[in-house]
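# Close look at the chain arrangement
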Amino acid sequence: MSDEKPFVHPYIPNSVPEVKEQMLREIGVRSVDELYRDIPERLRFRGRMNLPEPLTSEAALKRHVEGILGRNRSCAEALSFLGGGCWPHYVPAVCDEINRRSEFLTAYAGEPYEDHGRFQALFEYESLMAELLDMDVVNVPTFDWCQAASTAVRMAGRLTKRDEALVVDTTGPDRLLVMKNYCRGVMNLVPVRHDPVTGGMDLEDLAVKFTERTAAVYFENPSYLGFFETQGQRIAEMAHARGGLCVVGVDPISLGVIAPPSHYGADIVCGDIQPLGVHMNFGGGQGGFISTRDEERFVMEYPSRLFGIAKTAFEGEWGFGDVAYDRTSFGVREKGKEFVGTAAALWGITAGVYLALMGPQGMRELGQHILQKSQYAVKRIATLSGVKAPRFKSPYFKEFVVDFTGTGKSVADINQALLGRGIFGGRDLGRDFLGLAGCALFCVTEVHTKNDIDSLAAALEEVLR
Amino acid sequence: MKLRAFHQAKWDEEVIFELHTKGERGILVSPVENAIAYEVGDGISALPESLRRKTPPALPEISQMRVLKHYLRLSQHTLGADLNVDIGQGTCTVKYNPKINDALAASPKVAELHPFQDESTVQGALEIIHRTDLFMREISGLDRFSFQPASGSAAILAMASMIQAWHESRGEGKTRDEVITTIFSHPSDAAAAAVKGYKVVTIHQTEDGLPDLEALKLAVSERTAGLLITNPEDTGIFNPKIDEITRIVRAAGGLCGYDQANANGILGVTRAREAGFDMCFFNLHKTFGTPHGCGGPACGALGVVRELTDYLPVPLVDFDGEKYMLRHDLKHTIGKVRSFYGVFPAILKAYAWIMSLGERGLREAANVAVLNNNYILEKVKTIRGASAPFAPGRHRIEQVRYSWEKMTKETAVTTEDVALRMADFGFHLWSSHHPFIVPEPFTIEPTESYSKAEIDEYLAALRKISEEAYEDPAKVKGAPYRSVVHRIDHSSFDDPAKWAITWRSYLKKNRKGI
C-alpha cells in the first residue's frame with residue numbers, strides 16, 4: 001500500500017499519514033498490516049473488492065444518488081390508494097423534527113444517566129400507547145406488526161404451555177409468512193375460516209378447531225382486508241372457556257373512536273406504529289407493539305426491553321431503567337424469552353410524539369374523519385357498473401375490498417390503466433387470497449380529499465367503460 | 001491533557017402526562033368536506049355499539065410548542081454519537097453517520113414510497129437494493145444478499161431458519177436438532193436458534209480467549225444442524241482457526257452461519273467465503289455507517305452461498321439488464337422475517353456510505369479502526385487497575401474487552417461506578433458485556449471515526465477516574481454529578497408489586513387514594 005497516494009477521507013480523521021505514523025510508533029509496529037498478524041495468510045483476502053470508483057466529494061455523491069432515486073415516482077407525485085400494512089397518513093412536522101435530531105438519531109445503548117432522555121422518551125411512548133390500548137404494559141417496539149404478532153403467539157404458547165395457535169385466514173399475508181417461519185419447529189399455526197359474507201371469523205370452524213393444544217386465537221381488528229371483526233367478545237369468551245388466550249392485532253390509529261381489544265376480552269394486543277407519525281419509507285417505517293395487563297406472568301414472557309420509571313437518590317427526580325431485565329436473552333442467552341436487540345426504537349419515540357400532539361380529541365377526530373372518508377369512497381365506487389364494494393358486509397375502517405369480477409376486467413389491467421392516469425390503484429388481492437381473485441384492497445385516509453376520491457371514481461368509470 | 005468541564009443539560013423535565021392542560025391542542029385534524037358529511041353522516045353511526053370507544057383514551061392535552069420543547073429537552077438528555085467520543089459502547093460500532101445520507105433518505109422519493117407500488121414506479125429503489133447486494137457480495141465473497149432482516153438478531157433468526165429449512169428439505173429436519181455457538185458470540189446467536197426449537201450447544205473459550213476446538217470436535221454429531229459464530233468475538237481477538245471450525249461443522253453435516261454484525265475491522269481483509277461459511281450477515285447500522293436510532297430501525301444484510309439462495313426470505317430483487325423486479329418464486333424460501341423488503345432507508349444510507357468510500361476507503365476504514373483500537377489497547381494497559389485479559393502481547397482487531405478487576409480488588413470501585421463517572425465527562429462506558437466472564441468488564445471500540453485527539457481525551461477521562469478510585473473512591477462511587485440525574489433506585493425494577501412500565505401503572509401503584 002506504500003506506493004499509493006495517501007487516502008484522506010472526511011469520515012476517517014486518522015487517515016492523515018502523519019497521525020497514522022505517530023500512532024503506529026506508539027503501538028510499536030511499522031504498519032497496520034502487522035496488527036492483522038493473527039489472521040493467517042490462507043484467510044487473508046488478497047484480491048480487490050470490485051466496487052465502483054468512490055464519489056468522495058459529497059456533491060458528487062448527492063448527484064449520483066439523487067439520479068438513481070429520480071427513477072422513483074413516489075406517492076407524493078401520484079394519487080395512491082395503496083395500504084395493506086403500510087399506510088399514508090399525515091406526518092406532523094414535529095415528528096420529523098424530533099426523529100431527525102442528532103441526539104436521538106445517533107444514540108444507541110447508553111446508560112439511563114447520560115441517555116436519560118432516550119429512556120424517558122421510550123417510557124413515555126409505552127405510557128401513551130397504554131392509554132390508547134387501555135392496558136398497563138407496552139414494550140419498547142419490536143420490528144413490526146409481523147414480529148409483534150409472532151411473539152404474542154409464542155408468549156401465549158409459553159403462558160398456556162400449549163403448542164398451537166388458531167389464526168383467522170384473513171390475516172395479512174406478510175404477517176402470516178413471518179409468523180409461520182417464527183413458529184416453525186415449535187408451534188403449529190392452524191387457519192380458521194372466515195365467513196364469506198361478513199368476512200368475520202367462522203365461529204363454527206373455530207369451535208371445531210379449538211383443541212386442548214390451542215394456546216391462542218389470533219385475529220385482527222380492523223382486519224387486513226379493512227372490515228371489523230364484530231364478534232371479538234364472543235371469540236375471547238370461547239378461547240377463555242377452553243383455557244386459551246385471545247390475541248388481537250389492531251391498527252392503533254383507529255383507537256380514538258374504536259373500542260380497544262382490551263374492552264372485548266383480548267389478553268395480548270399487538271400491531272404496528274407506522275401510522276403514528278412515521279413516513280411509509282417503502283415499507284421501512286414499521287414498528288411493532290405488544291401490550292398486556294400488568295400481571296407478572298405476562299410481563300415475564302416478554303422478550304422485549306420494558307422501560308420502567310423509578311426514583312433517584314435526589315428527591316423529585318425521575319429515573320428510568322430496565323424492568324425484569326433477567327428475562328431477556330441479553331442476560332441468559334438461549335434461556336431468555338426469544339431474543340432482544342435493535343429493532344425500531346426511533347419510530348417508538350416518534351409515535352410517542354405523535355400521540356402527544358394528537359391528544360384524545362385529535363385521535364377521535366382523525367378516527368371519525370377516516371371512517372367518513374372511507375365510507376364516502378365506498379359509496380362512490382359502489383355506483384360503478386359491475387363493481388361490488390365493499391366485498392364484505394361488515395363495517396370497515398380505512399381499507400375496503402372492491403370486487404371487480406363483475407366488470408370482466410382484471411385488477412392488473414385496471415391498475416395499469418389507472419397508472420396511466422397518475423393513480424396507484426388498490427392492492428391486487430388475487431395472489432394472496434384464493435377467494436379474492438378479481439378483488440383489490442383500497443385505502444383511504446385523511447390525506448385524501450373529496451376531490452381525490454372523486455378523481456379515482458371518475459378514472460375507474462373511464463377505465464371500466 | 002485537560003479534561004472538558006462538561007455538564008449535561010438538566011431540565012428537570014416532567015413526565016409528559018404532567019404537562020396536560022385540558023383543552024390544549026398539539027395539532028388539528030381537518031374536518032371532512034361538508035359534502036362528504038352530507039353523504040355519509042358522522043361515520044361512527046355505521047359502527048355497532050360494541051365497536052365504539054366509550055371513553056376517550058387518557059392521552060395528555062398539550063399545545064404544540066410545549067410538546068416540541070419537551071422532546072427537545074429529552075433529546076438534550078441523550079448523548080448521541082454526534083455529540084461525544086462514542087467509543088465506550090464497545091461491540092456496537094458507533095461511528096459517524098454522514099448527514100448527507102440522512103438528507104438523501106429524507107427525500108420524498110424515499111419517504112413517500114409505498115412498497116406495493118407498481119415496479120415501474122420504484123426502479124430507483126430496487127436499483128439501490130440490487131447494487132447494494134452486489135457490493136455485499138464483493139465484501140463477503142458470498143453469492144446473494146437479502147436486506148429483509150431488520151436487525152442483526154433478525155438476520156441470525158433468518159440464518160437459523162435457513163439451517164432448519166435446509167435440513168428439512170433433505171429429510172433431516174427432525175434428527176438434526178442442535179445448533180452450536182460459542183460463549184463469546186452474541187447472545188442472539190444462542191437465543192434465536194432456541195426460538196427455532198434448537199438445542200443450543202455452547203463452546204467455551206480456552207485460556208487464549210478462543211473457542212475450545214477439542215470441545216467442538218466432541219460436540220458435533222449427526223444431530224448437528226449448524227453453527228452460529230461471531231468472529232472476531234467480543235474480545236476483539238481474531239480466531240485464526242475459524243476455517244477449521246467451519247470444516248469440523250461441515251464435515252458433520254452442519255451449515256455454518258457467520259455473525260459479522262460487526263465487520264468493521266476486517267473489510268477487504270478477510271471474508272466469509274475464505275473462512276468456509278455458508279451464510280453471513282452484516283449490520284448496516286454498525287459497519288456500514290447507518291444511524292443506530294436509539295435502537296433501530298436497522299438492517300441485518302443477510303448473505304448466502306449459491307446453494308442456499310433458494311432458502312432466502314422473499315422477495316429478492318432481480319435485474320435482467322434492463323429493469324429491476326421483485327422475485328417471489330424461491331423453491332425453499334423460509335418465507336419472511338419482516339414485512340415488505342426490510343428497512344429501505346438503512347439500505348440507501350449504507351449504499352451511499354460505500355459509494356463515498358469505495359474499495360480503498362473501505363479498507364482504510366477497517367485499517368484505521370484497527371489502528372485506533374490497538375493504540376487504545378497500548379494506552380489502557382498503562383492505566384492503573386485496568387487490564388486486557390486473554391492473548392497477552394497480541395494485537396486485537398476492532399475492539400477489546402478490558403477489565404477493572406485489579407482496581408475493584410484494590411479500591412472497591414467497580415466498572416459500573418466508572419461508567420457512571422464517565423457520564424460526568426460526557427462519555428459513555430456502557431454496561432452490557434454478556435456473558436460476564438471477564439470480571440468488571442468494559443469494552444472499547446473506537447471505529448475509524450474519531451481523531452487521535454478525541455481518543456486521547458477519552459483515555460484521559462479513564463485515567464483520571466482511575467486516579468480518583470485510588471485516591472478518593474467515594475467520589476467515583478457517588479457519581480454521576482454532572483449528568484442528567486443522580487443514582488437511580490433500581491429496587492422496583494424486579495418487583496412486580498412496584499415496577500411501573502407505564503405512567504398509568506405508576507399512578508396505580510404509587511398514588512392510591514389520591
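Residues numbered from 1 in each chain as written. Chains lettered and ligands numbered in written order. Predicted model: local features only at pLDDT ≥ 70, side-chain atom pairs only at ≥ 80, totals over all residues.

## Here we look at the overall build of chain A
Basically, it comes down to this: Strands here mean DSSP runs of E at least two residues long; helices mean DSSP runs of H or I at least four residues long; both are numbered from the N terminus. Exposure criterion: with C-beta atoms placed from backbone coordinates, a residue whose C-beta has 20 or more other C-beta atoms within 10 Å is buried, one with 12 or fewer is exposed, and one in between is partly exposed. Throughout, a pair of residues is in contact if the C-beta atoms placed from their backbones lie within 7 Å.
Looking only at helices and strands, chain A has 15 helices and 14 strands in total. When each of the 465 residues of chain A is scored for burial, the buried share is 63%. Taking all contacts inside chain A whose residues are at least 6 apart in sequence as the whole, residues at least 24 apart take part in 70%.

## Some thoughts on the overall build of chain B
Filter applied, for reference: For this measure, only C-alpha atoms enter the radius of gyration; the expected value for a globule follows 2.2 Å times N^0.38, where N is the number of residues.
What chain B contains, in helices and strands, is 15 helices and eleven strands. In terms of overall dimensions, chain B is globule-like: its C-alpha atoms have a radius of gyration of 26 Å, near the 24 Å expected for 514 residues. For chain B, the spread of C-alpha atoms along the principal axes amounts to about 75 × 65 × 45 Å. In chain B, which comprises 514 residues, the proportion classed as buried is 60%. Contacts spanning at least 24 positions in sequence make up 74% of the contacts within chain B whose residues lie at least 6 apart.

## Quick look at the interface of chain A and chain B
The following threshold applies: Each residue is assigned to one of three groups, with Ala, Val, Leu, Ile, Met, Phe, Trp, Tyr, Cys and Pro labelled nonpolar, Asp, Glu, Lys and Arg labelled charged, and all others, Gly among them, labelled polar.
Facing the 175 residues of chain A at the interface are 183 residues of chain B. Take the side of chain A that touches chain B: its biggest share by element is 25 residues, from helix α13 (residues 345-382) of chain A. A per-class count over the side of chain A that touches chain B returns 87 nonpolar, 46 polar and 42 charged.

## Brief notes about the sheet that holds strand β2 (residues 137-138) of chain A
All names here are of chain A. Spelled out, the test is: For two strands to be treated as a pair, DSSP must find no fewer than two bridges joining them.
If you trace the seven strands from one edge of the open sheet to the other, you get β2-β8-β7-β6-β5-β3-β4, paired in mixed fashion. Taken across any chain shown, the strands that pair with only one partner, and hence form the sheet edges, are β2 and β4 (188-192). Pairing geometry for strand β3 (residues 164-168) and strand β5 (residues 214-221), over four bridges, is parallel. Along β5, the bridge assignment pairs L166 with V217.

## What about the confidence of the model for chain B?
For the record, the criterion: Scored from 0 to 100, pLDDT records how confident the predictor is in each individual residue.
Within chain B, residue pLDDT values average 96, and 99% of them lie at 70 or more. Across the interfaces of the predicted complex, the ipTM metric reaches 0.98, alongside a pTM of 0.98.

## Here we look at the nonpolar core
Most often, soluble globular proteins keep nonpolar side chains buried together rather than apart. Rules: Here, a nonpolar core means buried Ala, Val, Leu, Ile, Met, Phe, Trp, Tyr and Cys residues linked by C-beta atoms lying within 7 Å of one another.
Counting residues in each nonpolar core, the largest one holds 330 residues, and the members touching the most others are V153, A156, Y218 and V247 of chain A together with I347 of chain B. Here this core gets 21 residues from one element, more than from any other, and that element is helix α10 (residues 344-380) of chain B. Excluding its chain neighbours within four sequence positions, the residues that come into contact with I347 of chain B are I128, I129, T132, F147, L284, C299 and G342 of chain B.

## Some details on the sheet that holds strand β14 (residues 439-443) of chain A
Residues and elements named next belong to chain A. Ordered in space as β11-β14-β13, the three strands form an open sheet in which the pairing is antiparallel. Lying at the two open borders of the sheet, with one neighbouring strand each, are β11 (399-403) and β13 (427-428). Bridge analysis of β11 against β14 gives five bridges, and the strand direction is antiparallel. Looking at β14, one finds that V401 is bridged to L441.

## Some words on the domain arrangement of chain A
Selection rule: Domain boundaries shown here were taken from an automatic or database domain assignment.
You can read the domains of chain A as domain 1 (13-68), domain 2 (76-89 + 364-464) and domain 3 (93-354). Here the C-alpha centre of domain 3 of chain A lies 43 Å away from the C-alpha centre of domain 1 of chain A.

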